[in-house]
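Residue-level listing of the chains:
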Amino acid sequence: MSGFFKITEATVLAIHAMMYTARHGDRLVSTREIAEFHSISENHLAKVMQRLVHAGFIKSTRGPKGGFSLAKEPDEVTLTELYELFEGPFSSSTCLIGNPVCDGKSCIFGTLLEDINTMVINYMNKTRLSAVLKNSD
């Protein structure tokens, strides 16, 4: 995978599920509820939620009145943590092809790709779930 920023559906679902769960912090939320709110696949979301539980971001309560709640405060979760849980570590490569075909010094994009990667990584590192919640109100 090239270093140029890519994000899968699972990562997007994780961020949205974390936001939804944080907004309803006073009660447990179900996978069905989150899936219906976002008009997404409940099955796909269930796999994402399992991964979030195993990583310690979300707590799961079983039973008819069960559901999910945050295991960490929104101020404790960065977008980088959620991204890397599903995508792996950010790559430092800036070639769109993956393996540079030029000498690495004369990219047709100049420093644009490197600049974009740096901006995205810096944003993800400093942005916490709590800030995303505030910006979405």
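Counting of residues starts from 1 at the beginning of each chain's written sequence and follows it residue by residue. For this predicted model, a pLDDT threshold of at least 70 governs which residues receive local features, and a threshold of 80 or more governs which side-chain atom pairs are given and counted, while totals over whole chains, interfaces and linings are taken from all residues. Excluding hydrogens and water, the side-chain figures rest on all heavy atoms present in the structure.

Right, let's talk about unusual backbone geometry for a bit. The phi dihedral of S39 falls on the positive side, at around 55 degrees, and the residue is not glycine. Note on conventions: DSSP H or I runs of at least 4 residues are helices, E runs of at least 2 residues are strands, and numbering of each starts at the N terminus. In this structure, S39 sits in the loop between α2 (31-38) and α3 (42-54).

Here we come to the pattern of salt bridges. Two side chains of opposite charge can pair, provided their charged atoms sit close to one another. For this document, the term salt bridge refers to a Lys or Arg side-chain nitrogen within 4 Å of an Asp or Glu carboxyl oxygen. The tally for this structure, following the rule as stated, stands at 2 salt bridges. Measuring nitrogen to oxygen at the nearest pair gives 2.5 Å for the salt bridge that ties R27 to E33. The buried label goes to any residue with under 20% of its type's maximum accessible area, the exposed label to any with over 50%, and the partly exposed label to all in between, with areas taken from a 1.4 Å probe on protein chains only. Overall, R27 belongs to the partly exposed group, its relative accessible area being 37%.

What is meant by a nonpolar core is a set of buried Ala, Val, Leu, Ile, Met, Phe, Trp, Tyr and Cys residues, joined one to another through side-chain atoms within 4.5 Å. Counting 31 residues, the largest nonpolar core has M18, M49, L52 and I58 as the members making the most contacts within it. Where this core is concerned, the elements lending two or more residues are α1 (9-23), α2, α3, β2 (67-70), α4 (79-87), α5 (112-126) and α6 (129-136). For this core, the element with the highest residue contribution is α1, accounting for 9 residues. Sequence-distant contacts of L52, defined by excluding residues within four places in its chain, comprise A14, M18, F57, I58, L82, L85 and F86. The criterion used for residue contact is that any of the two residues' heavy atoms lie within 4.5 Å.

The geometry of two aromatic rings is summed up by the distance between their centres and the angle between their planes. The criterion for an aromatic pair is that two Phe, Tyr or Trp rings (for Trp, the six-membered ring) have centres within 6.5 Å, with stacked assigned to planes under 30 degrees apart, edge-to-face to planes over 60 apart and tilted to the rest. Across all of its chains, the model carries 2 aromatic pairs by this definition. Between Y20 and F37 the ring centres are 5.0 Å apart and the planes differ by 50 degrees, which places this aromatic pair in the tilted class. With Y20 in helix α1 and F37 in helix α2, this residue pair connects regions lying 17 residues apart in the sequence. A residue is classified by how much of its surface remains accessible, and F37, at 53% relative accessible area, is exposed. Look at Y83 and F90: their rings are 4.4 Å apart centre to centre, the planes differ by 5 degrees, and that puts the pair in the stacked class.

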